[in-house]
Amino acid sequence: MAEAADFQGTSPSPARRWLRRSGALLAGAPLLAGLLQLPLSTPSQAAEKASVADATGSSGPIDVSLDSLSPSTPTDGDTITVSGSVTNTGKQAVTDGHVGIRVGPSLNTRSAIDTVAKRTSFQPGLDPLEVGGKYVAKVSKLGAGSSQHFSISVPVKDLDLGSDGVYQLGVSLTGRTTAQPWDQVLGIERTFLPWQPSGADTRTKTTYLWPLISTVHLTAETGSDAQQTPVFKNDDLAKEISPGGRLDQLLSLGSQLEVTWVLDPDLLASVDAMRGGYRIQQEDGTTAEGRNQAVANAWLDKLEKTVRDQDVVALPFADPDLASLAHRGKDVTGSLSHLKDATAVAADTVETIVHVKPSTEFAWPADGAVDPSIVKVATSAGADKVIARSDSLRETGGLSYTPSAARPIGGGTTAVVADERLSTAFQGDMLKADASTLAVQKFLAQSLMINLQEPKDARSIVVAPQRMPTASQAQSMAEALRTLQQGNWSESQGLTDAAKAKPDPGATTKVPPASSYPSALRNRELPRAAFERIQETQAKLDKFRMILTDESRVVTPFGLAIDRGMSASWRGRPTEAAAFRQGVETYLDGLMGLVHLIKKSDAKLSGRSATIPVTVQNNLVQGVGHLVLRLTSQQPTRLKIRNGPYDEQPIQVAGEHSQSVKFTTSTKANGPVQVVAQLYTEDGQPYGDPVPFEVKVTEITSTVMLVIGGGVLLLVLAGFRMYTQRKRAAARQAEEDAETSPEAGGESKDTDGTVDTDTTEHSEAGPEQASDSESGADGPEHPSDPTPDTAPESADPSGTGERVDR
């Protein structure tokens, strides 16, 4: 915001008190000069002298801790109580000490508050005198390293506070040391006292964002059961929502305040996923049962009751890092579509779980830092309002006051500019009571100063704190906001109304260039490689979903996991972020691999034609389809698949089943042939790894058969000729024997009376005739004749050197 100039109608200090004290100081100046020559000075004068000599920036040997200031914003009739402790951090003991309160003068600008808060040492003239009197706490002796508690109560009427304003309030220890045995201020702590005893004529409208955002907890993994039991990285979310946990405290504290709830739908979805049972990843790769369902139910029930009828804003699912997307991811094809998807599911998620319709028109870049590319990306998904911060969208018009948050920045987009001082007030370590007290008082002081700048003009101020405040930070935020909402100068307003407020004419509307984007924030952005991996995972998911019969079981959990991979919660955690994105992709690869071809061993083909079986295994619980199985011959001149180099068939396999598909082949020549089986999606994309194997063709070709057939025919003809020649010779011999026989036409008889039968020719012809009958028309079965096919489904791979079924 612009630095506020001195405002009209406020007194720089209570006139009566300060005129009286200034007169006393002037009157005592000559006396002071003489007393300085004495060995010992009066306590107050010696303290001033020592402070002038030591005003070099040192905070002194005493650490003053201001643990509480009550009430934070006093009114007439109140008594202020200041409590804390003093600790001797030096090496010398402190004696004759006391703790006192110093109030005044009032401050006129917001930058003056910053200046006072940064001072560490006591500075006379800038730090007021002690209230003194009975309003001190004695510290007789404080040894080195020791501490002492104090508590001082002062009626407001004794502080001589003047007109409305922000007053300095210092708590100091004055004492002596061995080396410097005179009274001196040895340590001081400063804070602020907002003074607005009566209601302001015009109150500032203040919007405070109350974020319920966490880191990523859910993985992409789900159980194979019908409920798809979710799997969490760990059980840290249960700790956050358990009584006393960070998110439980944020919800409890916010329920007592008037705030605008800013919800990450992923947080709600994650807690909701715990309600029906969940599992937790273990280091050994297994999962264990989660046992915090009751805690999840209680937290969501409480949230639903709290946000009912409240102003609720839903961020895109998983709170994507808009700046990283604009600077590193927008040039990666498809990245912006994830932002649109995350925005589209945000409202439905919130409404389904807590039954409240949220606003989704607000985009919130990290730390409210913007440049033109961030605004363009932020509004690309439908949001028309960007929550920026005043240290990014700086005022350049020289305004003397802090303008209202809303202002048009072109293209129908409204920038809602959160006040940087108020938004960052509780980013430090609030575990120490001293730090919390100082932060609360400074927050209230800055808020009152905004109202005092232009007391007649109503303005709308927005406070956007850190995204994930710790429990202690939330407690400090709640304490400050509770006091503010009970005060006299501010009233609560929702973010939707703040965005509709009339813009200040002089407020800046120019978005800063990319060169002004803070390097500290840029160095924490997600790298381009993150968005490239996200797109690789998305491409695999798109391929996988095409073959599923129930894609919602896969697309929903993986789509949300991909959105979680670009969450702003990964800033500053690059190793964890990379591991998460790798885990999502690895798990998807594993699921896709459950649908695969069973590897085949080499096969032998011994006929002119045969069928080659290929088996598809589906180990998913759901069926798959829309797949094509292609079998390709690498040498189609030797082995054809059907009538060409390849053939393909559609595939449908039931869940946890396999399917065998048979391809008809024909051979042209002997020898080994490389064959490749590959699954494809219907749009022609390869699915899974190819399965190569070798087919050994041993079929006798037609040419060889002709040669062999010709040779056999020649042998048969030669045998037939020999047979006929012998028959003729045998007939001639028989005629000759008949002519010489005593009895014509009779049989010749040996002298021993036996019948001479000529069996020589018959014995020789017999084998020929047997051979001839064996090689007749009803010869042996052709080796390529088909035999019955195997069963259509088989999950068993072919054996080594198997003979292909024909």
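(A) Spotlight on the environment of Met477. Its location among the elements puts Met477 in helix 14 (residues 471–485). Classification of Met477 as buried rests on a relative accessible area of 1%. As for Met477 and Leu253, which are separated by 224 residues in sequence, their C-alpha atoms are 9.2 Å apart.

(B) Layout of the sheet that holds strand 2 (residues 79–88). In space, the three strands of this open sheet follow the order 1-2-5, with antiparallel pairing throughout. Taken across any chain shown, the strands that pair with only one partner, and hence form the sheet edges, are strand 1 (62–70) and strand 5 (147–155). Strand after strand, the sheet turns through a mean of 20° between neighbouring axes, direction not considered.

(C) Spatial organisation of the nonpolar core. In terms of nonpolar packing, the biggest core is built from 73 residues, with Phe544, Leu629 and Leu631 touching the most fellow members. Ranked by residues supplied to this core, first place goes to helix 19 (residues 574–592) with six residues. Not counting chain neighbours up to four residues away, the residues in contact with Phe544 comprise Val554, Leu588, Leu591, Met592, Leu620 and Tyr687. By size, the runner-up hydrophobic cluster in this structure holds 63 residues, among which are Trp210, Leu257, Ile280 and Val354.

(D) How the structure looks around the packing of aromatic side chains. Throughout the structure, instances matching the rule amount to six aromatic pairs. Taken together, the ring pairs in this structure connect Tyr208, Trp210, Phe426 and Phe443 into an aromatic cluster. Above the plane of the ring of Phe362 lies Lys385, whose end atom (NZ or CZ) is 5.9 Å from the centre. Over the face of the ring belonging to Phe693 we find Lys600, whose NZ or CZ atom lies 5.3 Å from the ring centre.

(E) Layout of empty space enclosed by the protein. Tallying each qualifying case throughout the model produces six cavities of 30 Å³ or more. The volume enclosed by the largest cavity comes to roughly 80 Å³. In terms of lining, the largest cavity is formed by Ala314, Leu315, Pro316, Leu322, Leu339, Thr343, Thr360, Phe362, Ala363, Ala378, Ala381 and Ala383. Listed by contribution, the elements that provide at least two residues to the lining of the largest cavity are helix 10 (335–354) and strand 15 (362–363). Each residue belonging to the lining of the largest cavity can be placed in one class, and the counts come to 10 nonpolar, two polar and no charged. Here the second largest cavity is characterised by a volume of approximately 60 Å³. The wall of the second largest cavity is formed by Arg533, Ile534, Thr537, Ala561, Ile562, Gly565, Arg581 and Val584. Sorting the residues of the lining of the second largest cavity by element identifies helix 17 (528–545), helix 18 (552–564) and helix 19 as the ones contributing at least two each. Of all the elements, helix 17 adds the most residues to the lining of the second largest cavity, at three residues.

(F) How the structure looks around the pattern of salt bridges. Taken as a whole and judged by the stated rule, the model has 27 salt bridges. Here Arg528 makes a salt bridge to Glu532, at a shortest N to O gap of 3.0 Å. With Arg528 and Glu532 both in helix 17 and four residues apart, the pair spans about one turn of that helix. Linked through salt bridges whose partners overlap, the residues forming this network are Arg533, Lys540, Glu585 and Asp589.

The rules behind each value
Residues numbered from 1 in each chain as written. Predicted model: local features only at pLDDT ≥ 70, side-chain atom pairs only at ≥ 80, totals over all residues. Heavy atoms only, no water. Helix = DSSP H or I, 4+ residues; strand = E, 2+ residues; numbered from the N terminus. Buried < 20%, exposed > 50% of the residue type's maximum accessible area, 1.4 Å probe, protein only. Pairing = 2+ DSSP bridges. Axes fitted to C-alpha atoms, helices over the stretch in contact; angles between N-to-C directions. Core = buried A, V, L, I, M, F, W, Y, C linked by side-chain atoms within 4.5 Å. Contact = heavy atoms within 4.5 Å. Phe/Tyr/Trp six-rings, centres within 6.5 Å; stacked < 30°, edge-to-face > 60°. Lys NZ or Arg CZ within 6 Å of the ring centre and 35° of its normal. 1 Å grid on protein atoms, 1.4 Å probe; cavity = no way out; pocket = protein on both sides within 12 Å on 5 of 7 lines; lining within 4 Å. Points joined across faces, edges and corners; volume = space filled by probe spheres on them. Nonpolar A, V, L, I, M, F, W, Y, C, P; charged D, E, K, R; others polar. Salt bridge = Lys/Arg side-chain N within 4 Å of Asp/Glu carboxyl O.

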